Amino acid sequence: QNTITGQVTDADNQPLPGTNILVEGTNRYAVSDFDGNFTIEASPGEVLQVTYVGFKDRLITVGDDTSITIVLQEDTSELDEVVVVGYGTQKKADLTGSISSIEAEDIVKQPALTATQAIQGKVPGINIINSDQPGATPTVIIRGLGTALSGRDPLYIVDGMPVDNIKSISPSDILKVDVLKDASSASIYGLRAANGVIIVTTKQGKKGKAKFSFDSFYGAKSILNPVEMANANQYIDYFNEGAAAIGGYSLQEDQLHNTDWYNELAQVGSINNNTFAVSGGGEHVDYYFSYNHYEEEGVLKDHKYRRGTIKNNNTYRLFDDKLKLTQNLNISFTNENPKPLGAFNNAYRQSPLVPVRYENGRWGQSFVNQTTGIVTYEAGPGESIGRLYSHGNPMADVFFQNEKIHTTTLQGGFTGEFSISEDLKATSRFGATKYYFDKRVFNPMRERWIAGDPTRTYEEFDESRKNATNEETGIIPTSWAYNSLSLEDIETFRWNWDGFLTFDRLFGKHHVNLVLGGSKEKTNVGRRLYGQGYEVPEKEQYWSIQHVSGFFDNVTENVYYTPRTLMSYFARAQYNFDNKYYITATIRRDGSSVFKAGENFWENFPSFGLGWTLSNEDFLKDSKHINFLKIRGGWGRLGNQNVPLNIDQIQTSTGSANQNYVLGPNQELMFGASVASPVKDLTWEIVEEWGVGLDLELLDSRLSGSVDYYDKTTKNMILLVQPLLNSQFAENFYDHGAEVSNKGMEFALEWRDNISEDWSYSIGGNFSYNKNMVENVKPAYDGMTGGSLNNGRITKRLEEGQPLGAWWMYEVEGVWQTQDEVDNNASIEGAAPGHLRYKDQNEDGVIDDRDKKFFGSYIPKYNYGIRLGLNYKNIDFSVDGFGVGGNKVYNGLKNTRTDNENITADTYNTRWTGEGSTNIHPGADRDIEASDYYLESGAFFRINNITVGYTLPDFSKYVSKLRFYFTAQNPFMFTDYSGFTPEIIGGDGGNPYRTAGVELSAYPNTKTFIFGINLEL
Amino acid sequence: TFLFYGCSEDFLDVDSREKIEAGDSEEVFEPDDFVTSTYGMLTDWDYAFSWLGVTEIISDNADKGSTPTSTGTDKHFLDGLTHTSTTPSIAAMWERWYKSIGRASYAIEYAEEYGLTDEDYKNRLIGEAKFLRALNYFWLVRMFGDVSLQHTDLLTRAPEEEVYDFIEQDLLDAIATLPNKSEYASGDLGRATKGAAQALLAKVYLYKKQWEDALNYAGMVMTSGEYSLEPNYEDIWRVYSENGVESIFEVQARGEQIAHGVNQYSQTQAPRGTGGWGWGFNVPSEDLLNAFNEEGDTIRRDATIIFRGETLWDGREVSGSVENPMYNEKAYSSANLGDADGDKNVRILRLAEVLLIHAEAANELGDSNTALTSLNQVRARVKLPEVTTTDQGQLRELIWKERRLELAFEHDRWFDLIRTGQAGEVMRAHGKPFEDGKHELFPVPNDQINQTPEMTQNPGW
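Because the structure is predicted, anything quoted here is derived from the model rather than measured. (Residues numbered from 1 in each chain as written. Chains lettered and ligands numbered in written order. Predicted model: local features only at pLDDT ≥ 70, side-chain atom pairs only at ≥ 80, totals over all residues. Heavy atoms only, no water.)

Re the overall build of chain A
Helix and strand counts for chain A stand at 14 helices and 53 strands. For a compact globule of 1017 residues, the expected C-alpha radius of gyration is about 31 Å, and chain A comes in at 33 Å, within 12% of that figure. Projecting the C-alpha coordinates of chain A onto the three principal axes gives extents of approximately 115 × 70 × 65 Å. For chain A, the proportion of its 1017 residues judged to be buried stands at 57%. Intrachain contacts of chain A at a sequence separation of at least 6 include 70% that bridge at least 24 residues. For chain A, the separation between the mean place of its 92 positive charges and that of its 130 negative charges on side chains is 5 Å. (Helix = DSSP H or I, 4+ residues; strand = E, 2+ residues; numbered from the N terminus. Rg over C-alpha atoms; globule rule 2.2 N^0.38 Å. Buried < 20%, exposed > 50% of the residue type's maximum accessible area, 1.4 Å probe, protein only. Contact = heavy atoms within 4.5 Å. Lys, Arg positive; Asp, Glu negative; His and termini not counted. Charge placed at Lys NZ, Arg CZ, Asp CG, Glu CD.)

Description of the sheet that holds strand S1 (residues 2–10) of chain A
All names here are of chain A. As summarised here, the arrangement of the three strands in space is S4-S1-S7, forming an open sheet in which the pairing is mixed. Each edge of the open sheet carries a strand with a single partner, namely strand S4 (37–42) and strand S7 (67–72). When strand polarity is set aside, the average angle formed by the axes of neighbouring strands in this sheet is 35°. In this sheet, S4 lies alongside S1 in antiparallel orientation, the contact comprising six bridges. (Pairing = 2+ DSSP bridges. Axes fitted to C-alpha atoms, helices over the stretch in contact; angles between N-to-C directions.)

Quick look at the environment of Pro394(A)
Residue and element names in this part refer to chain A. Relative to the helices and strands, Pro394 resides in helix H7 (residues 394–400). For Pro394, a relative accessible area of 1% corresponds to the buried category. Sequence-wise, Pro394 and Gly364 are 30 residues apart; in three dimensions their C-alpha atoms are separated by 9.8 Å. Ignoring sequence-local partners within four residues, the contact set of Pro394 consists of Trp261, Leu265, Ala343, Asn346, Ala347 and Gln350.

Section: helix H6 (residues 160–177) of chain B
Residue and element names in this part refer to chain B. With 18 residues, H6 extends 26 Å between its outermost C-alpha atoms, agreeing within 8% with the 26 Å of an ideal straight helix rising 1.5 Å per residue. Taken together, the buried positions of H6 are occupied by Val163, Tyr164, Phe166, Ile167, Glu168, Asp170, Leu171, Ala174 and Ile175. Next to the buried residues of H6 lie helix H5 (119–144), helix H7 (194–208) and helix H8 (211–222). (Expected span 1.5 Å × (residues − 1).)

Structural notes on a negative patch on the surface
Residue and element names in this part refer to chain B. A cluster of acidic side chains, namely Glu9, Asp10, Asp13, Asp15, Glu21, Asp24 and Glu26, defines a negative patch on the protein surface. Assignment of secondary structure puts Asp24 in the segment before helix H1 (31–40). Judged by its relative accessible area of 56%, Asp24 falls in the exposed class. (Patch = residues over 30% accessible without salt bridge, like charges linked within 9 Å, V, L, I, M, F, W, Y side chains within 5 Å. Areas by Shrake-Rupley, 256 points an atom, 1.4 Å probe, with all protein chains shown as cover. Salt bridge = Lys/Arg side-chain N within 4 Å of Asp/Glu carboxyl O.)

Structural notes on the environment of Arg387(A)
Residue and element names in this part refer to chain A. With respect to the helices and strands, the residue Arg387 is situated in strand S23 (residues 385–387). Between the C-alpha atoms of Arg387 and Asn900, which are 513 residues apart in sequence, the distance is 9.1 Å. Dropping the residues within four chain positions of it, Arg387 is found in contact with Tyr249, Gln365, Ser366, Phe367, Val368 and Gly452. At 3.0 Å, the side chain of Arg387 forms a polar contact with the side chain of Gln365. In terms of polar contacts, Arg387 uses its side chain to reach the side chain of Ser366, at 3.2 Å. (Polar contact = N/O pair within 3.5 Å; in protein donor to acceptor, adjacent residues only side chain to side chain.)

Considerations on the domain arrangement of chain A
Size of an interface, as often reported, equals the accessible area lost when the parts are brought together. In terms of domains, chain A is made up of domain 1 (2–72), domain 2 (78–205) and domain 3 (355–387). For domain 2 of chain A and domain 3 of chain A, the distance between their C-alpha centres works out to 55 Å. (Domains from an automatic or database assignment.)

Considerations on the nonpolar core
One finds Phe131(B), Ile167(B), Phe249(B), Trp414(B) and Phe442(B) to be the most contacted residues of the largest nonpolar core, which totals 115 residues. It is H5(B) that provides the largest number of residues to this core, a total of 14 residues. Excluding its chain neighbours within four sequence positions, the residues that come into contact with Phe442(B) are Val54(B), Ile58(B), Leu78(B), His83(B), Ile90(B), Met143(B), Phe144(B), Trp414(B), Phe415(B), Asn458(B) and Trp461(B). With 39 residues, the next largest nonpolar core counts Met717(A), Ala738(A), Met809(A) and Val812(A) among its residues. (Core = buried A, V, L, I, M, F, W, Y, C linked by side-chain atoms within 4.5 Å.)

Brief notes about the pattern of salt bridges
Residue and element names in this part refer to chain B. Summed over the entire model, instances satisfying the criterion amount to 93 salt bridges over all chains. Across the salt bridge formed by Arg191 and Glu128, the nearest N and O atoms sit 2.9 Å from each other. With Arg191 in the loop between H6 and H7 and Glu128 in helix H5, this pair connects stretches of sequence that are 63 residues apart. Taking relative accessible area as the criterion, Arg191 reaches 4% and is therefore assigned buried. Residue class for Glu128 comes out buried when judged on its relative accessible area of 0%. A salt bridge links Arg381 to Glu406; the shortest N-O distance between them is 2.9 Å. A residue pair is termed long-range when its members are at least 10 positions apart, and Arg381 in helix H13 (residues 368–381) and Glu406 in helix H14 (residues 392–406) qualify at 25 residues.

Quick notes on the interface of chain B and chain A
Each partner contributes residues to the interface: chain B has 70 residues there, and chain A has 70 residues. Across the chain B/chain A interface, buried area totals approximately 5900 Å², and carbon plus sulfur atoms make up 59% of it. Counting every contact that joins chain B to chain A gives zero salt bridges. Counting every contact that joins chain B to chain A gives 34 residue pairs in polar contact (both at pLDDT 80 or more). Sorting the residues of the side of chain B that touches chain A by element identifies H1, helix H3 (75–79), helix H4 (88–113), strand S2 (247–251) and helix H17 (446–451) of chain B as the ones contributing at least two each. No other element matches the eight residues that H4(B) contributes to the side of chain B that touches chain A. Residues of the side of chain B that touches chain A, tallied by class, amount to 25 nonpolar, 24 polar and 21 charged. (Buried area = accessible area lost by both parts, 1.4 Å probe. Nonpolar A, V, L, I, M, F, W, Y, C, P; charged D, E, K, R; others polar.)

Side note on the environment of Ile794(A)
All names here are of chain A. One can find Ile794 in the loop between strand S41 (785–786) and strand S42 (796–797). When the C-alpha positions of Ile794 and Trp807 are compared, they lie 9.3 Å apart, and in sequence the two are 13 residues distant. With sequence-adjacent residues up to four places away left out, Ile794 is seen in contact with Thr785, Gly786, Gly787, Ser788, Trp808 and Ala930.

Focus: the pairing of strand S18 (residues 269–281) of chain A
If a strand is regular, its side chains alternate between the two faces of the sheet. All names here are of chain A. Burial analysis of S18 places ten of its 13 residues in the buried class, the great majority of the element. Sheet analysis places S18 next to strand S19 (residues 285–297), joined by twelve bridges and oriented antiparallel. When the bridges of S19 are listed, Ser279 appears paired with Tyr288. Count of turn residues in the S18/S19 antiparallel hairpin: three residues.

Here we look at a nonpolar patch on the surface
All names here are of chain A. The grouping of Phe212, Phe214, Phe276, Phe289, Tyr291 and Leu1017 at the surface amounts to a nonpolar patch, some 500 Å² of accessible area in total. Among the elements of the structure, strand S17 (208–223) and S19 are those that each provide at least two residues to the nonpolar patch. Looking at the secondary structure, you find Phe276 in strand S18.

Following this line, the structure appears as structure tokens:
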């Protein structure tokens, strides 16, 4: 026998401590030390069996060499992947529910502020609507939208701790993201899980030498899908055609300016990201520390967002590894200079004849000399000046907007795991988030007033101010202050505590895993303080409430939030027989302080799941083609506690209101009271879902895929009910009043293969389809409208049998060609030749609400992602694409044109110009009704990411990896939509009855070209 | 304790910090508060604009007024009799009356359950609310015919007959519990009285052509000793005669801070344009002026119509350059120029109308002497010669004409035209497209039918 010394490393030459080395057929064995080194007695010809968790086993036949290096390959079979399921983990092969995972490399590949942005298109069943506005939060819809008005966000769990969002976490710190999509797996989170659960696990140190990494990239952004607006000549034509139709002055051919407003407003933005991380581990401590700095400047001038993140995760093992303590800490600072997004909307409406600034340096405004027909503020004697439209100068708006937002988020926790026995483990975990927000807005009111008209002077301002001043009291109206300053300060805190026992044991072929625990949580502890004052000194150093003028009434607002508490018990039992038959049962019991006033504020959320791994049965065990095949199914119930609550139903007023009355000879004012809305006891929305699925791996596991079907129903959706006109109630009120169902299919398929040592490739895709429908609406409860265009027109309505946020508007059946046609047919008030002609659906000779029709929804019916990866030697190449379809979006910018606002070049080119010119497009004189003319397909396909990388071959023993890469993010989009972007989150974070899907001031999609490096030491 | 600490339900008891909990609030609502808010409804803005459209502008007494391009949203449709189920003024009144009915019903319920120990006081409050509920239902039923009874079914319409039965019962209950005008404490001046309920019931019977009942209830008001005619007709609209001898029920309003009256009632109808001070809507028609002149009725003409360029009774000169030749003087207030809340008490029921109801009922019953006595009281005040004819048909026409002149701009003309079957002939003579079998009723508002598609629409709409 020889004494053999050796070292075990991973593919990156990192030593692997704790590897087991056994001489086959003997009891001689060794364990590698901290540097991966070991010594063992073995004779030539004997076989060493090298095993390490997470790596493929290796058998090495001992030769004459007494010094060997063993490289272990990571075991990348997806089925052995560990999935976080909530209060525990499970092997992917053992799942009975529908859970999707995204790995670190896929997350960092798509440079983004938040990991959710990077998930878009990668996972079937998750529809993510992105906004490219700096610092924006994308909306995430998992398996269809299940609520009209309640919280729509999934529950985010980071390292076991619930958090409000994951905006404060750098994607580079994320190890993996697991998404609990179905009720049977999400019900362990009970009444917060109705919108799905996104579980984020951050990176931990690994045993071994310290590893340093530095990642950096820089990119340039520009508008992906610009819209060409009409130029000066086109604008003049259009204007004059409109004027000819309705009367009024016309514009001259020769004008002074031809401004391209988007060109002025938009710039090439930038993105810059730097991450430094160090990690490692010893016998008793693992550590991970990182610092990330992210900086973005948007395509809107001076719109900046910066974030710094510090992450530290440490694990301590004590008492022979019986007690494991984990500490997580994430600190993030953000610094934002927002600019008015309304500028995009406003720029759309600006006439090209108006300059950004006049020759004398004053801001351009829409003044027009109505006598000469020249767009200018200057007039000769007897000439009259008017305005083309009431909007101000968007460049001035951007210039004057002076706003700063800072936030600090401290998020972290402590987990203790104690092994009571080999089978039984107790876990206790405390997590907390402290959040600070402060915002300062300085508004130079006098400067804005001056900018509003190039003829105004400071003397005039003071004169007007004097005239507006109350002579008796000396009070100056606040609208005539020189400037205003407002400050807002928010501070919130939340904490949670979980305690649970885990029992895990194999009895022969029976594998049992039990979890039993409780949880408490308190959120919304905090306050808001707001102050506003007027006339601070001009120098920024004095911008505080301390220096505001005493002449004006200052505003102070302060509220202490009412905290919310949640108390829960949960249990889960998992059993499988011989890795063939699986059964999971879960129950969670939740009580929420929000519903304490109601009768049933405790609710149970049960679920179960079943699975059958056919490929482990004898008849498939030896199949060459089928490596894995499993069918699974389950049912579960979930809740949503973020529901709107009714406020006081009794109305009073101390002024002159229709509650009050005067009586008696002196007509004394009597204060009365009235009931505004009925008392409705609201509680959580309940979701029930069942689903079936199939996972398979074929052809040496080169082909893997899954299929899922689900049927999910929100049983008691809360609606904002408009009281019937003939009912006693005057105010809208909330009540449980409908169901909403989401039924869908999900497919995922991937092929990966290594052709040779040098060549490997993968190709994959996913597709999901969802049908959303409102059902069983209580009588007279439908009719909730939304999608306001801010001009008195609405575009959406809730009705049984339609999807949530369904479009509802007139159907266009052509263009009025002659006045005669208008007079002899049903038409709306004010119809004229060149206007769109709306269909009289009920043929009653009148065009009114009853003629409006449903036109589907802004929510895509299907979405899909594709990916292609290629590796050749040291070169890596990948392409990712994402698309949606079956949805419609509303071009509100085009629709809401009033007065003499600008139009797109396309609108100009296609317009109606007289009888017979077109029966599709309206003319220069048109109305502003909402109709399907402005409703367009929202389908698009976008190449999300093209990346080419080159990893330098080993060039230094100190550098384990150096890679350069080039990424084109969103370089191409294929869509028929005529606006800036078909991805429109809308107001209130995607509320289906606000402006979701309506482009009114949406931030354009951007494309980004990025160069970056990854360095590892 | 490592695993479970303090899992008690107290954890879920969180103190409210944003909103004061009901138990910690000092606010206690008295039954009277809800009755007050039912009266308060009468001061809503709808009565200053929509109501003008559906009661007067639509009729032969009044035109839209204002400038030709200023439509008042839909007043041009009403004036031209081209209104539809989406005309906002119609929906506004429909909704306003139903909300008022809702407030009245809640006030009744609240008063019954509150635990008031003073039975008379409780019954009076309930009586007031029932009077107001009846008044609102009456306005609804005469405008729309079949309407839903709020306490039974909101989705369908109850037959007109049932609605009238409900109104009748409310008024009989109110008559039984309400005090006479003179029995109220001074501070309660302006509340609904027994006389008001009787007068309204007489008017309801008039619409139902229950002549005997109309005669009886009108007679009760006349002989109650509570009311007499104001000696001078124009005094009825002066501040000093608010709640005066002739007043049976009127909407209370004051001009001082906090001003509270029918929101903008005087302003919408005041002269418009250079030298004017209002919006100039709801102006007397040429036809009304002719009617006064043909009758030689200068007293009522001059009390009803502001003429361009005239000097008003309070010395105000109406400029010769205001937009329209005539305006409604009954809405005029010396104070509150252009203010949102006028001080004008809007007269809803007064003795002269009761006399005319009495006259009409008596005539229909063949008692022309009684009819003439009542009729001539009204005429005598405005110095018009006595009517002497005993021919039932002739007398009927004369009483109708008297109603028009006496009650012009008191929000009854359109319904009198419909009730007496004259509407089609009269309106068509004015070139308005009145369709028999359709325009007798207003359309149920489209917004309501959208909400409750089960509800039937009136014929022709």
